[in-house]
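Reading the structure
For reference, the chains in residue letters:
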Amino acid sequence: MRPGPGGAAARAILNRAVVNIPDVLTDVQYQLAGLASAANYRSIAAIPILRDGEPVGVLAVHRAEPVPASDAEIAVLRTFADQAVIAIENVRLFTELEARNRELTESLEQQTATSEILGVISRSPTDVQPVLDAVAESAARLCGAVDALLLRVDGDVIRRVAHFGAITAVSDMRPVTR
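Residues numbered from 1 in each chain as written. Predicted model: local features only at pLDDT ≥ 70, side-chain atom pairs only at ≥ 80, totals over all residues. Heavy atoms only, no water.

1. Looking at helix α4 (residues 129-143)
- With 15 residues, α4 should reach 21 Å at 1.5 Å per residue; the first-to-last C-alpha distance of 21 Å fits that figure.
- Along α4, the residues that are buried comprise Val131, Leu132, Ala134, Ala136, Ser138 and Ala140.
- Tucked into the core, α4 has its buried residues touching α3 (71-123), β4 (147-154) and β5 (157-165).
- Directly after α4, the chain includes Gly144, whose backbone phi takes a positive value near 65 degrees. (Helix = DSSP H or I, 4+ residues; strand = E, 2+ residues; numbered from the N terminus. Expected span 1.5 Å × (residues − 1). Buried < 20%, exposed > 50% of the residue type's maximum accessible area, 1.4 Å probe, protein only. Contact = heavy atoms within 4.5 Å.)

What follows is the structure, encoded as structure tokens:
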């Protein structure tokens, strides 16, 4: 449904204002009379849920009788709409915070892995194998993988030079095409 005058909720969003229809069967703009009959309601009050003046939803209540919502009922519904926007905003902020925390955690993990590899390089300046093993292990851990391989082209053969993980039966492969 698009914002417009044909439905109470759509009208509340369009006008950013409370819509209180005492009898949907006599409201000339209301286009959902068939739905009202099928759902057995005659009156409707729709309160827009606004964040910074922009609609993010609607709270609507229906009654079987053709009776408008009172000022006191509208006040309560406005309070509920205000609480709904707070809840919606909290979820949005929490979701953004979780995403940012994930990004920071991944960045920290990458920096830690890089630091560990640099440490291995400094401790093994003449032996490349510990460095390659550390690279394979860090790659598997950072990617949440069960296995990581480091392969090297040696003539027409691709050789496994480092491995970390569960898959143990990986042999050298042939041929190499360039």
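2. Thoughts on helix α1 (residues 8-15)
- Of all the residues in α1, the buried ones are Ala8, Ala10, Arg11 and Ala12.
- Trailing α1 by a residue or two, Arg16 shows a phi angle of about 55 degrees, which is positive.

3. Brief notes about the nonpolar core
- Among the nonpolar cores identified, the biggest contains 10 residues, and these are Ala8, Ala12, Val19, Ile21, Val24, Tyr30, Ala36, Tyr41, Ile44 and Ala46.
- Secondary structure elements with two or more residues in this core: α1, β1 (19-21) and β2 (43-51).
- In contact with Ala12, other than residues within four places in its own chain, are Ala17, Val19, Ala46, Pro48 and Val58.
- With 8 residues, the next largest nonpolar core counts Ala45, Ile47, Ile49 and Ala81 among its residues. (Core = buried A, V, L, I, M, F, W, Y, C linked by side-chain atoms within 4.5 Å.)

4. Brief notes about the pattern of salt bridges
- What the rule picks out here adds up to 10 salt bridges.
- A salt bridge links Asp23 to Arg42, with the shortest nitrogen-to-oxygen separation between them at 2.5 Å. Residue Asp23 is located in the loop between β1 and α2 (33-39), and its partner Arg42 is located in the loop between α2 and β2; the two are separated by 19 residues in the primary sequence.
- On the basis of relative accessible area, Asp23 is assigned to the buried category, the value being 13%.
- Residue class for Arg42 comes out partly exposed when judged on its relative accessible area of 28%.
- Arg92 is the partner of Glu89 in a salt bridge, and the nearest nitrogen-oxygen pair spans 2.4 Å. Here Arg92 and Glu89 lie together in helix α3, a separation of 3 residues that amounts to about one turn.
- Overlapping salt bridges, with partners in common, bring together Arg51, Glu89, Arg92 and Glu96 in one network. (Salt bridge = Lys/Arg side-chain N within 4 Å of Asp/Glu carboxyl O.)

5. Let's talk about the packing of α3 against α4
- Remark: α3 packs on α4, axes separated minimally by 9 Å, with the N-to-C direction vectors making an angle of 170 degrees. On the basis of the axis angle, α3 is roughly antiparallel to α4. Touching Glu109, Gln110, Ala113, Glu116, Ile117, Val120 and Ile121 of α3 are Pro130, Val131, Ala134, Val135, Ser138, Arg141 and Leu142, all from α4.
- Counted by class, the contact of α3 with α4 contains 9 nonpolar, 2 polar and 3 charged residues. (Axes fitted to C-alpha atoms, helices over the stretch in contact; angles between N-to-C directions. Parallel < 35°, antiparallel > 145°, perpendicular 65-115°, else oblique. Nonpolar A, V, L, I, M, F, W, Y, C, P; charged D, E, K, R; others polar.)

6. Topic: the sheet that holds strand β3 (residues 54-63)
- The 3 strands lie next to each other as β1-β2-β3, forming an open sheet whose pairing is antiparallel. The open sheet has two edge strands with one neighbour each: β1 and β3. Strand-to-strand twist of the sheet, defined as the mean angle between neighbouring strand axes without regard to direction, takes the value 10 degrees.
- Judged from the 3 bridges that link them, β1 and β2 form a sheet pairing that is antiparallel. In the strand pairing of β2, Asn20 is matched with Ala45.
- Along the sheet face, α3 touches β1, β2 and β3 and points at about 40 degrees away from the line of β2. (Pairing = 2+ DSSP bridges.)

As far as function goes, none of this settles anything; it's purely spatial.
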